[in-house]
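Spelled out, the chains give:
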Amino acid sequence: MAQLDEVVVVGYGTQSRRVVTGAIESIDSEAMASIPVTTSEQALQGRASGVSVINSGSPGQPPVVRIRGLGTMNNNDPLYVIDGVIGGRLADIDPQDIASIEVLKDASTTAIYGSKGSNGVVMVTTKKGRQGKLSLSIDSYVGTQFVTKRLGLMNTNQYTQFAEAFGLPQRLTDPQYADMLNRNTDWQDAIFQSGLMQKHNFAISGGDENSDFRISAGLIDQDGILRNTGFKRHNFRANSNFTFGKLKIGETAQIVFNNQNPESDSGGRSVIRHAIRMAPYLPIYNPNNPGGFQGPNSSVDGQDAENPVRVLELPQRENRSVNIIGGLYAQYEILDGLVFKTQAGLDYRTFNNNTFVPSFNDDSMGATHTQIFASIEKNSGTFKSLVYTNSLNYTATFADKHNLEVLVLAEKQKMRSTNTNAYSRNYISNDVNELTNTESNLRSNSLEYTRIGYLGRVNYNYDEKYILAASIRRDGSSRFGPNNRWGNFYSLAGGWLISEESFFNVPAINNLKLRGSWGTTGNDNIADYVYNYTIIDNFIYPINGSAGIGASPSGVGNPDVKWEETTMTNIGIDLGLWDNKVTLSAEYYKNKSDDLLMDRPLPPSFGTHSGIVTENVGSVETKGFEFNLGYNDYEGDFTWSANLNLGTNTNKALSLGTVGEITGASFVAGVNDNLTRVAPGESLFHFFGFQTDGIFQNQAEVDAHATQAGAQPGDIRMVDQNGDGIINDEDRVKIGNPFPDLTFGLNLNAAYKNFDFNVFVSGTAGNDVFNTLLFDTEGMQRLFNASTRVLDRWTGEGTSNSIPRAQGATLNTRASDRFVEDGSYARLRNITIGYTLPEEVFNGTFSRFRVYLSGQNLITLAGYSGYDPEVGAYTVNDATSNFEVGIDRGNYPQPKSLFLGLQVSF
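So, how was this worked out
- Residues numbered from 1 in each chain as written.
- Predicted model: local features only at pLDDT ≥ 70, side-chain atom pairs only at ≥ 80, totals over all residues.
- Heavy atoms only, no water.
- Helix = DSSP H or I, 4+ residues; strand = E, 2+ residues; numbered from the N terminus.
- Polar contact = N/O pair within 3.5 Å; in protein donor to acceptor, adjacent residues only side chain to side chain.
- Contact = heavy atoms within 4.5 Å.
- Buried < 20%, exposed > 50% of the residue type's maximum accessible area, 1.4 Å probe, protein only.
- Pairing = 2+ DSSP bridges.
- Axes fitted to C-alpha atoms, helices over the stretch in contact; angles between N-to-C directions.
- Patch = residues over 30% accessible without salt bridge, like charges linked within 9 Å, V, L, I, M, F, W, Y side chains within 5 Å.
- Areas by Shrake-Rupley, 256 points an atom, 1.4 Å probe, with all protein chains shown as cover.
- Salt bridge = Lys/Arg side-chain N within 4 Å of Asp/Glu carboxyl O.
- Core = buried A, V, L, I, M, F, W, Y, C linked by side-chain atoms within 4.5 Å.
- Arc of directions from axis to C-beta.
- 1 Å grid on protein atoms, 1.4 Å probe; cavity = no way out; pocket = protein on both sides within 12 Å on 5 of 7 lines; lining within 4 Å.
- Points joined across faces, edges and corners; volume = space filled by probe spheres on them.
- Nonpolar A, V, L, I, M, F, W, Y, C, P; charged D, E, K, R; others polar.

### Section: the side chain of Asp776
Piece 1. Note that Asp776 resides in helix H11 (residues 773-778).
Piece 2. Here Arg277 takes part through its side chain, which lies 2.7 Å from a polar atom of the side chain of Asp776.
Piece 3. Dropping the residues within four chain positions of it, Asp776 is found in contact with Arg273, Ile276, Arg277, Asn785 and Ala786.

Structural data, given as structure tokens:
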């Protein structure tokens, strides 16, 4: 029955698991610490049903977290609440400092956060001190990270054969280039490396009957698997609590220093795309070239393929930040059961991002890839959020069976952010990384945001058998105009603990609970000031043939813009068998979001810079099932447990107002297609393009098909979707869905005497990936290096029905299902074996001394042809853009890892 008596953290308080009516999942400290990870979001992956985590391999890049899919066209990030402080970054918290994480998923648990709860809430509780003697713990590991996947690209001999399809370049037959043709540069091996990684955490804690404290410090140092990328973090945390009779005060404080060397790109392409395209006979270095690198020296070989090693190594890119989050609280028991609590929370961040690119010339023969100046860019800014919360909480029990809790609360949040960006050039020296007035550009901005909220909540249960919960919250946001500044949000939930009924007599079942909830939450995660006109300067007006600099409205204000609102329905059942040796929970949820805030295009005659107006016009529905099944056997020398979670999710756009569709995510340079679309009746942000039907084998097939511009034998046959006999943009359809139908996680733990073992598998099913790398490796639009598969391309009737002819019709390289692949995968996320030495080995010096060996991502089962089916955000773009989800642009793949670790406690 321990699980029923467990206390879980909910919004503005705690509850016994027995009387919880909402959809809450808990991840404890052991689960968080069992996998060596760089960010705590990674430890969430596969641990909670309905929670999707998409990792990026780029060191220091936080994963994208989604709870129960998408509920808005805008920001779908969940709300993070760290030790009661709204805000902060989960990525900054060392997993070793976390006591528990609760994921709140339905209206019963999230509506109390009103305008912030629509995307789910992640509640983080960090470790506190305990009464007793001082305790010191050390948790360290060191290891290596690497990537073994390589795309099958052509070597020099194969490349020269392939070049014949584009007209054999003269220099390839010239004897003076014989040495060059004997060279085989593996550009993939040139950019990838094995990276060292180490992480250390030290903590000291203690306490007595009136106070407790815990102080910790941590370091993580990670080399990326791409050259010249890496991440280093120093974190410090202090928690303390003090009791003076009926008065309790306490604080939590954390400061984090981050230093990231992010991946460089060039020309709007990732370094992996450049590595794929580069001719294999070119050398990496050329000491005779300024900068010391060699690039393509003929337009025949694709001039926009750049030396990827130079792209990575020559620029100096460094992103530094200092992040502080903390809170102070005081609570006083006014009367028996009546507690007043006041809390102030701070989330403060400052950052400095610097990029310095020296001058270079990769082409000694034609000055193709050249920068004749050093470029300097410095970007800095601050973010500050202050949250003040005052509450009264009353708990009482009447007649031994009527249990009541009432909470009233007032809260104010005030945020301010500033940003300054400066750029200049230096034509004189590569040795000065400082800004000047030479071709300089300077911009800055500041934003302010205020939110005020009032909350009332009532929890009641009769004999912990019949449970009711209700809440109402009223929020006001500065992001809306005076017409609709305030929003009201409600929730109602109930539960029935059937196993406590006198008529229920099933010995095997010790827990059976039905529960359900309904409520509304809001969302104001949009840009500031959209309700009003704003002015931009540096607007260019043509006056008498000259450029005149002036100002212009940036867009059209909409004073009637109002809250997005999500209505959530959740039905759940909890089951415990044989004293909770076997546990099962199941949920069904349905969320409907209305009044979605969308940008409607305006006619050019409006004369605004942005050409849009923000309106409440959209409606979206998401629904799905979630299951958690667990088995725990903790008796005997050999113990083991297994936990499986499954989550399904489907979404659909119900309405876009007067807008027929919204498109985004451009394909590649020279192909003016958008890859992603939102349209009524379809899933959100699905892939959009042509459906293919093999390859024309002869002219008769071309003539018999719908008119397809430029089509010849050897070109891809496109499906005439509307039957009008013409292949054009009207024939583009949904060709894939980046969001999985199913997410799953399986966690197995076993122990035998002093040995312990963990296997953790997670994955997805039913999602697609738009692999733009196939455009590079099989597009054959121009002469670049490519996949060895193009050597088996169509060259005559019957030679291929999958790889078209080289330099084919334009439609061959338009966005189509040719580039869409199944993104389902199952990944061995972790395998760990550990051994804890008996205390007598060290004569009781250590209360715990454990060593372990761990492997991460060692095996991935997937049909995807790219580097990684779990396509993380392309870090150069907006990491959270909904339009970019599931698009592989040569994104940073996740590494495999091996670690040796030590955990010691005194």
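### What to know about the pairing of strand E12 (residues 211-223)
Piece 1. Of the two faces of E12, the one holding Asp212, Arg214, Ser216, Gly218, Ile220 and Gln222 is buried and the one holding Ser211, Phe213, Ile215, Ala217, Leu219, Asp221 and Asp223 is not buried anywhere.
Piece 2. Looking at chain direction, strand E11 (residues 195-208) and E12 are connected through 12 bridges and run antiparallel. Following the sheet pairing, Ile204 is matched in E12 by Ile215.
Piece 3. Hairpin connection from E11 to E12: two residues lie between these consecutive antiparallel strands.
Piece 4. Sheet topology places E12 next to strand E13 (residues 230-244); 13 bridges connect them, and they run antiparallel. The partner of Ile220 across the bridge, within E13, is Arg233.
Piece 5. Connecting the antiparallel pair E12 and E13 is a turn made up of six residues, with Asn228 showing a positive phi of about 60°.

### Observations concerning the environment of Val719
Piece 1. Assignment of secondary structure puts Val719 in the loop between strand E36 (716-718) and strand E37 (733-736).
Piece 2. Exposure remark for Val719: the relative accessible area of 22% places this residue in the partly exposed category.
Piece 3. What Val719 contacts, discounting residues up to four positions off in sequence, is Gln691, Thr692, Asp693, Ile727 and Asp731.

### Some thoughts on the sheet that holds strand E33 (residues 671-678)
Piece 1. Spatial ordering of the open sheet is given by E32-E33-E34-E37, a layout of four strands whose pairing is antiparallel. Of all the strands in the sheet, the pair left with one neighbour each is strand E32 (662-668) and E37. In this sheet, neighbouring strand axes are inclined to one another by 45° on average, regardless of whether the strands run parallel or antiparallel.

### Details of a nonpolar patch on the surface
Piece 1. Together, Phe242, Phe244, Leu247, Ile249, Tyr332, Ile334, Leu335, Phe340, Leu392 and Val408 give the surface a local cluster of nonpolar side chains, amounting to about 840 Å² of exposed area.
Piece 2. When contributions to the nonpolar patch are tallied by element, the ones reaching two or more residues are E13, strand E14 (247-261) and strand E15 (316-335).
Piece 3. For the nonpolar patch, the leading source of residues is E15, giving three residues.
Piece 4. As for its placement among the helices and strands, Ile334 is situated in strand E15.

### Topic: the nonpolar core
Piece 1. With 42 residues, the main nonpolar core has Trp187, Ile191 and Ile272 as its most contacted residues.
Piece 2. Where this core is concerned, the elements lending two or more residues are helix H5 (156-163), helix H7 (187-191), helix H8 (271-277) and helix H9 (308-313).
Piece 3. Sorting elements by how many residues they give to this core places H8 first, with four residues.
Piece 4. Every residue in contact with Ile191, bar those within four places of it in the chain, is listed here: Ile225, Leu226, Arg227, Val271, Ile272, Ala275, Pro308, Val309 and Leu312.

### A few points about H5
Piece 1. For H5, the complete set of buried residues consists of Thr156, Tyr159, Thr160, Phe162 and Ala163. Each buried residue of H5 sits inside an arc of 160° when the element is viewed along its axis, so together they form one side.
Piece 2. Where H5 begins, the side chain of Asn155 points an oxygen toward the backbone nitrogen of Asn157, at a separation of 3.2 Å.

### Thoughts on empty space enclosed by the protein
Piece 1. What the rule picks out here adds up to seven cavities of 30 Å³ or more.
Piece 2. Taken together, 38 residues make up the lining of the largest cavity; nearest its centre are Ser52, Ile54, Pro740, Thr743 and Thr764.
Piece 3. Secondary-structure elements contributing two or more residues to the lining of the largest cavity are strand E4 (51-54), strand E5 (64-67), strand E30 (638-648), strand E38 (742-752), strand E39 (755-765), strand E40 (768-771) and strand E42 (825-836).
Piece 4. Tallying contributions element by element places E4 first for the lining of the largest cavity, with four residues.
Piece 5. By volume, the second largest cavity amounts to about 320 Å³.
Piece 6. Lining of the second largest cavity is provided by 25 residues; of these, Thr38, Gln42, Gln145, Asn857 and Gln894 occupy positions nearest its centre.
Piece 7. Classifying every residue of the lining of the second largest cavity by side-chain character gives eight nonpolar, 16 polar and one charged.

### Side note on the side chain of Gln254
Piece 1. Looking at the element boundaries, Gln254 is found in strand E14.
Piece 2. Here Asp92 takes part through its backbone oxygen, which lies 3.5 Å from a polar atom of the side chain of Gln254.
Piece 3. In contact with Gln254, not counting residues within four places along its chain, are Asp92, Ile93, Phe236, Arg237, Asn323, Ile324 and Ile325.

### Considering the pairing of strand E9 (residues 121-126)
As a general feature of sheets, a regular strand has side chains that alternate between the two faces.
Piece 1. Burial runs high along E9: five of the six residues are buried.
Piece 2. Judged from the six bridges that link them, strand E8 (residues 98-104) and E9 form a sheet pairing that is antiparallel. Looking at the pairing, Ile98 lines up with Thr126 of E9.

### Regarding the environment of Asn754
Piece 1. Inspection of the secondary structure assignment puts Asn754 in the loop between E38 and E39.
Piece 2. Note on Asn754: relative accessible area 28%, which makes it partly exposed.
Piece 3. Expressed as a C-alpha distance, the spacing of Asn754 and Val904, which sit 150 residues apart in the sequence, is 15 Å.
Piece 4. Ignoring anything within four residues of it in the chain, the contact list for Asn754 reads Gly834, Tyr835, Thr836, Leu837 and Pro838.

### As for the environment of Ala305
Piece 1. Mapping Ala305 onto the fold places it in the loop between H8 and H9.
Piece 2. By relative accessible area, Ala305 is classed as buried at 0%.
Piece 3. In sequence terms Ala305 and Gln131 are 174 residues apart; their C-alpha atoms lie 63 Å from each other.
Piece 4. If near-sequence neighbours (up to four positions away) are discounted, Ala305 is found in contact with His274, Arg277, Met278, Pro296, His369 and Phe784.

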